[in-house]
Amino acid sequence: MTQPLQAYVNDAFVPIAQAYVHIEDRGFQFADGVYEVVACFNGTYLDLKPHLQRLARSCAAIDIPLPKPMAELEALVQQAYENNPFEDAMVYIQVTRGVAPRSHVVKQALIPTLIITVRELPQPSDEKIQTGMSGITLDDIRWKHCEIKSIALLASVMGKQEAVRQGVDEAFWLDGQGHVLEGCATNIFAVIDDVLVTHPLDHQVLGGITRDMVIVAAKALGIKVEERKWRLDEQGLSECMMSSTTNAVIPVCYMNKQAVGEGKPGEIGLKLRAHLLGQLQALRES
Ligand code: PDD
């Protein structure tokens, strides 16, 4: 018999079917919490420290105490991988403010709820890798603190649902002037006149850990990078690509049913993807 998946909840690893939180958990009632998704390759985590540092920043931003010291969190996340059967895994970490009778105002010091679950790391299909991804754009209906990795993801759920309804892979948010911000669960880059361009870090985008990796990779490959506002209708735009923990970086070749550049994965997107996949392979072998 295969072993059930193990989830961490209430200070213990338990079979996922028995992993519960209280109905008055503020995460459940108010989306009062934050999260992280980290990839692990054959037991070696990709940038675990930056993910946990971002978790600490998200907690601090909404005044939730970090539930464990950093070193303990790292050990728990490692343990979560080891307690589950996947070679390449996607580890989900969620912290909520804790359990209390429902009231908007937090009236007492609470013990934060920490949960960790592990699933197989999803991989883009071979077809998507060949053809590239497709997307739509939507007006940004999210709140004004997108730099916090909040579990309040209703707008992203709606955006993704709309993308699926239109038969594409991702929905990308536009600000009021038509600048492309980021996807529902990805950052986005364009190549404009051979420069890799992405929205600067501010309250309208999440500082993606993969976004950072792409920027470092681009610089290492001699590709110029600009963090500035950009639009899809800019002269000289030849490629788009999106990045996230679960996709690494992958070309986006159709947007709103229009070809981006030549409508197939472009040179810079492919170079960056190969570079990042090389790093992931090195982790697998380490
Ligand atoms: N999403 N922007 C948003 C809004 C995101 O939700 C994510 C990640 C990213 C990319 O961040 P990173 O490179 O650190 O994964 C950008 C995760 C994967 C999710 O919600 O499942």
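Residues numbered from 1 in each chain as written. Predicted model: local features only at pLDDT ≥ 70, side-chain atom pairs only at ≥ 80, totals over all residues. Heavy atoms only, no water.

## So, the site of the ligand
In the region of the ligand, 18 residues are neighbours, and Tyr35, Glu182, Ile209, Thr210 and Thr245 sit closest. With respect to the ligand, the side chain of Tyr35 contributes an N or O atom lying 2.6 Å from an oxygen atom. Take Ile209: an N or O atom from its main chain is 2.9 Å from an oxygen atom of the ligand. The fraction of the free accessible surface of the ligand (480 Å²) that becomes covered by protein chains is 89%. Contributing elements (two or more residues each) for the shell around the ligand: strand 3 (33–41), helix 2 (48–61), strand 9 (180–183), helix 6 (209–220) and strand 13 (237–244). Partitioned by chemical class, the residues of the shell around the ligand number 6 nonpolar, 9 polar and 3 charged. Residue contributions to the shell around the ligand reach at least three from each of two domains, namely domain 1 (6–120) and domain 2 (126–285). (Near = heavy atom within 4 Å. Polar contact = N/O pair within 3.5 Å; in protein donor to acceptor, adjacent residues only side chain to side chain. Areas by Shrake-Rupley, 256 points an atom, 1.4 Å probe, with all protein chains shown as cover. Helix = DSSP H or I, 4+ residues; strand = E, 2+ residues; numbered from the N terminus. Nonpolar A, V, L, I, M, F, W, Y, C, P; charged D, E, K, R; others polar. Domains from an automatic or database assignment.)

## Topic: the confidence of the model for the chain
Model confidence for the chain is summarised by a mean pLDDT of 97, while 100% of its residues fall at 70 or above. Per-element mean pLDDT across the chain ranges from 94 in helix 4 (residues 126–131) up to 99 in strand 8 (residues 170–174). (pLDDT = per-residue confidence, 0-100.)

## Remarks on the pattern of salt bridges
Scanning the model with the defined rule gives 18 salt bridges in all. Between Arg26 and Asp32 there is a salt bridge whose closest N-O contact spans 2.7 Å. Per residue, the accessibility class of Arg26 equals that of Asp32, and both read buried. The salt bridge involving Glu226 is made with Lys224; its shortest N-O contact spans 3.5 Å. Its relative accessible area of 27% is what places Glu226 among the partly exposed residues. Look at the salt bridges and you will find they share partners, linking Lys224, Glu226, Arg228 and Glu234 into a network. (Salt bridge = Lys/Arg side-chain N within 4 Å of Asp/Glu carboxyl O. Buried < 20%, exposed > 50% of the residue type's maximum accessible area, 1.4 Å probe, protein only.)

## Looking at the nonpolar core
Judged by nonpolar contacts, the single largest core of 26 residues is most densely connected at Tyr45, Ile93, Leu114 and Ile116. Secondary structure elements with two or more residues in this core: strand 3, helix 2, helix 3 (70–82), strand 5 (88–96) and strand 6 (113–120). When residues in this core are grouped by element, the largest group, 5 residues, is from helix 3. Tyr45 has contacts with Val38, Ala39, Cys40, Val77, Gln78, Tyr81, Val91 and Leu283, leaving out every residue within four places of it along the chain. By size, the runner-up hydrophobic cluster in this structure holds 22 residues, among which are Val191, Val214, Ile215 and Ala217. (Core = buried A, V, L, I, M, F, W, Y, C linked by side-chain atoms within 4.5 Å. Contact = heavy atoms within 4.5 Å.)

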